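Geometric and topological summary
Take a look at the letters that make up each chain.
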Amino acid sequence: MAGRDYRGMSAAERLADRRERLITAAYSLFAHPGFHSTTIERLCATARISNRAFYECFSSREDLMRAVYDRCIEETLASVGEAIEKAPPTLDDRIVAGIAEYVRFVTADTRRARVMHLEVRRAGNVLSGARQQAVAAFTKIIESSARGAGRTPPLDLHLLALGLIGAITELLIEWVLSDPAPPTDELVEACVFIFRRTFAADGTQTASAY
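Residues numbered from 1 in each chain as written. Predicted model: local features only at pLDDT ≥ 70, side-chain atom pairs only at ≥ 80, totals over all residues. Heavy atoms only, no water.

**Describing a nonpolar patch on the surface**
Together, Val 135, Leu 159 and Leu 162 give the surface a local cluster of nonpolar side chains, amounting to about 230 Å² of exposed area. Relative to the helices and strands, Leu 159 resides in helix H8 (residues 157-177). (Patch = residues over 30% accessible without salt bridge, like charges linked within 9 Å, V, L, I, M, F, W, Y side chains within 5 Å. Areas by Shrake-Rupley, 256 points an atom, 1.4 Å probe, with all protein chains shown as cover. Salt bridge = Lys/Arg side-chain N within 4 Å of Asp/Glu carboxyl O. Helix = DSSP H or I, 4+ residues; strand = E, 2+ residues; numbered from the N terminus.)

**Quick look at the UniProt feature "domain: HTH tetR-type" (unreviewed entry) in the protein chain**
UniProt annotation of "domain: HTH tetR-type" (unreviewed entry) refers to residues 16-76 when read in the numbering used here. Note that residues 16-76 is 82% helix and 0% strand, and that its end C-alpha atoms are spaced 23 Å apart. (UniProt positions renumbered as here; feature names shortened; annotations may be inferred.)

**Focus on the nonpolar core**
Membership of the largest hydrophobic core comes to 62 residues, with the highest contact counts inside it found for Leu 22 and Leu 64. If we ignore the near neighbours within four places in the chain, the residues touching Leu 64 are Leu 22, Ile 23, Ala 26, Phe 30, Leu 43, Phe 54 and Phe 58. (Core = buried A, V, L, I, M, F, W, Y, C linked by side-chain atoms within 4.5 Å. Buried < 20%, exposed > 50% of the residue type's maximum accessible area, 1.4 Å probe, protein only. Contact = heavy atoms within 4.5 Å.)

**Observations regarding the environment of Asp 17**
Looking at where Asp 17 falls in the secondary structure, it is placed in helix H1 (residues 11-34). A sequence separation of 151 residues divides Asp 17 from Ile 168, and the C-alpha atoms of the two residues are 35 Å apart.

**Digging into the packing of helix H5 (residues 91-107) against H8**
Remark: H5 packs on H8, axes separated minimally by 12 Å, with the N-to-C direction vectors making an angle of 30°. Classed by the angle they form, the pair H5 and H8 counts as roughly parallel. The chirality of how H5 crosses H8 is right-handed. Touching Ile 95, Ile 99, Tyr 102, Val 103, Val 106 and Thr 107 of H5 are Leu 164, Ile 168, Leu 172 and Trp 175, all from H8. For the contact of H5 with H8, the per-class residue count stands at nine nonpolar, one polar and no charged. (Axes fitted to C-alpha atoms, helices over the stretch in contact; angles between N-to-C directions. Parallel < 35°, antiparallel > 145°, perpendicular 65-115°, else oblique. Left-handed = near helix turned anticlockwise from the far one by under 90°. Nonpolar A, V, L, I, M, F, W, Y, C, P; charged D, E, K, R; others polar.)

**A short note on H1**
Along its length, H1 reaches its greatest deviation from straightness, about 25°, at Ala 26. Turning to H1, its buried residues number three or more, namely Asp 17, Arg 18, Arg 21, Leu 22, Ile 23, Ala 25, Ala 26, Tyr 27, Leu 29, Phe 30, Ala 31 and Gly 34. (Bend = angle between axes of the 7 residues up to and from the residue.)

**Topic: the UniProt feature "DNA-binding region" (unreviewed entry) in the protein chain**
Taking the numbering used here, the UniProt-annotated feature "DNA-binding region" (unreviewed entry) corresponds to residues 39-58. Taken end to end, residues 39-58 has its terminal C-alpha atoms 14 Å apart, with 75% of it in helix and 0% in strand.

**Examining the environment of Glu 75**
As for its position among the elements, Glu 75 is in helix H4 (residues 61-86). Distance in space between the C-alpha atoms of Glu 75 and Phe 105 is 9.1 Å, their sequence separation being 30 residues. With residues up to four places along the chain from it excluded, the contact list for Glu 75 reads Phe 105 and Arg 112.

**Regarding the side chain of His 117**
By secondary structure assignment, the location of His 117 is in helix H6 (residues 110-122). In contact with His 117, not counting residues within four places along its chain, are Tyr 102, Val 106, Thr 169, Leu 172 and Ile 173.

**Re the environment of Val 68**
With respect to the secondary-structure elements, Val 68 resides in helix H4. Along the backbone, Val 68 and Ala 25 are 43 residues apart, and their C-alpha atoms lie at a distance of 9.8 Å. In this structure Val 68 touches Ile 23, Ala 26, Tyr 27 and Val 115, once residues within four positions along its chain are discounted.

**Digging into the pattern of salt bridges**
Side-chain pairing between opposite charges can occur once the charged atoms of the two side chains come close. Following the criterion strictly, the structure yields 12 salt bridges and no others. Of the charged contacts in the structure, one is a salt bridge between Glu 82 and Lys 86, with a shortest N-O distance of 3.1 Å. With Glu 82 and Lys 86 both in helix H4 and four residues apart, the pair spans about one turn of that helix. Residue class for Lys 86 comes out exposed when judged on its relative accessible area of 66%. Its salt-bridge partner being Arg 104, residue Glu 101 comes within 2.5 Å of it at the nearest N-O pair. Of this pair, Glu 101 and Arg 104 both sit in helix H5, three residues apart, which is roughly one turn of the helix. Connected through salt bridges with shared partners, the residues Arg 18, Arg 52 and Glu 56 form a single ionic network.

And the structure:
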């Protein structure tokens, strides 16, 4: 395995560089061939670092998966948040913009979709806390959008937001696993339909805006 010239770099910079290369390698390998099929040796070979150096950066494969997953979530939250901020200040416009951007951004890179909606679950219960934090972050976006638009949903807002997130998640898992995958426009339409049925205060569907 070819080495890397670290001359002129501090110890902290070398560590940061190795971490970043491991995260980059894991982003691809955890998606294909998958978390359980990816060994530490293969990660290190792809990142071009020694096996010993791996443990200077991460305590385990699960720890590395957490770093990859957290980055995927951070990037997705930023993209969805920006789309919502640019949307007109109505609940329907905000949530539709957020749903469309979530589906677009996640499916734009199959690796991201697989890590976020499939492989993180295969990594086991050790990452359940990371998944719960991600759900909480997306729930907060929906709740904030509803409150900012001055809308009172027919049932508990937090529970409705969780239900919407669960529906979106299952549709993205279907997209990852299906061959051929359903068109992303259909995913967005399904998510928007569920949202409008869920949040309509009088139980009727709002006018179509998507």
